[in-house]
Amino acid sequence: MAIRTRVWLAVVVLSALILLVDYVAPPLVEFSTAFVLPVLVTAWYLGRGPATLLALLLPFLQFLVTVVVREQPGVTTAVASGDFVIRTAVLLLAVFAVTRVQAQQRRIRHLEKLLSICSICKKIHTADGHWEALESYISSHSDTMFSHGLCDDCLRTHYPQFARPDDDESPGPET
């Protein structure tokens, strides 16, 4: 059985168990905070779309159980719908947080991999087979921007007329 199918099966079973426990529990005891578990698992393994769907579906099912099936005395539709909105917002926020963390992890993994770099011009060999300047490669794969300057060694080597005499670290003639 494929991993996606197993994850879906686990999420459906876990969600059904939470709804069942919430249904058989006394009216003032709720297990809706446990809905975050199947939503987080779905977000992590199946992505933002399925997790968003589940984050909308679970509070709605609980709302239906509370208002329609249980017909709890003292629980008005307005209170139940307010709880529904809050639960849905919290679950959607959890989906956003998990998918944001995953996106950051993908970016880090991409930047941590071994890069092929030209030993002379320092261009990066990209996955599509092209050679790209080091600065543009790093800028396009991260939020890094570059500012150019000259180190003291290059200034002395390539532009000695602009180097200050006190910048010269080469040993002078021995006397």
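About the thresholds
Residues numbered from 1 in each chain as written. Predicted model: local features only at pLDDT ≥ 70, side-chain atom pairs only at ≥ 80, totals over all residues. Heavy atoms only, no water. Helix = DSSP H or I, 4+ residues; strand = E, 2+ residues; numbered from the N terminus. Buried < 20%, exposed > 50% of the residue type's maximum accessible area, 1.4 Å probe, protein only. Contact = heavy atoms within 4.5 Å. Areas by Shrake-Rupley, 256 points an atom, 1.4 Å probe, with all protein chains shown as cover. Salt bridge = Lys/Arg side-chain N within 4 Å of Asp/Glu carboxyl O. Polar contact = N/O pair within 3.5 Å; in protein donor to acceptor, adjacent residues only side chain to side chain. pLDDT = per-residue confidence, 0-100. Core = buried A, V, L, I, M, F, W, Y, C linked by side-chain atoms within 4.5 Å.

Caption draft 1: The overall build of the chain, seen in detail. What the chain contains, in helices and strands, is six helices and three strands. Secondary structure elements in the chain, listed N-terminal to C-terminal, are α-α-α-α-β-β-β-α-α. Every one of the 175 residues in the chain was classed for burial, and the buried ones make up 23%. Within the chain, residue pairs in contact and separated by at least 24 positions form 51% of the contacts whose partners lie at least 6 positions apart. Surface summary for the chain: the accessible area is close to 12400 Å², and the carbon and sulfur share equals 66%.

Caption draft 2: Region of interest: the pattern of salt bridges. Summed over the entire model, instances satisfying the criterion amount to two salt bridges. Measuring nitrogen to oxygen at the nearest pair gives 3.7 Å for the salt bridge that ties Arg 107 to Asp 143. Of this pair, Arg 107 sits in helix α4 (residues 77-112) while Asp 143 sits in the loop between α5 (134-141) and α6 (152-158); the two residues are 36 residues apart in sequence, bridging distant segments of the chain. Taking relative accessible area as the criterion, Asp 143 reaches 67% and is therefore assigned exposed. Ionic pairing is found between Asp 153 and Arg 156, a salt bridge with its closest N-O pair at 2.6 Å. Placement of both Asp 153 and Arg 156 in helix α6 is noted, with a separation of three residues, approximately one turn of the helix. We classify Arg 156 as buried; its relative accessible area is 16%.

Caption draft 3: Local environment of the side chain of Ser 142. Examined against the element boundaries, Ser 142 turns out to sit in the loop between α5 and α6. Of the residues examined, Ser 142 reaches a relative accessible area of 13% and is grouped as buried. A distance of 2.7 Å separates a polar side-chain atom of Ser 142 from the backbone oxygen of Ile 138. Engagement of the side chain of Ser 142 in a polar contact is seen with the side chain of Thr 144, the distance being 3.0 Å. Contact partners of Ser 142, with chain neighbours within four places excluded, come to Arg 107 and Leu 111.

Caption draft 4: Here's a closer look at the confidence of the model for the chain. On average, residues of the chain carry a pLDDT of 82, and 85% of them reach 70 or more. The secondary structure element of the chain with the lowest average pLDDT is α4, at 84, and the one with the highest is helix α2 (residues 36-46), at 93.

Caption draft 5: The arrangement of the nonpolar core in detail. Among the nonpolar cores identified, the biggest contains 15 residues, and Phe 35, Val 39, Leu 54, Ala 55, Leu 58, Leu 91 and Val 95 are the most heavily contacted of them. Where this core is concerned, the elements lending two or more residues are α1 (3-24), α2, α3 (48-69) and α4. Those residues in contact with Leu 58 that lie beyond four places of it in its chain are Ser 15, Leu 19, Phe 35, Pro 38 and Val 39.

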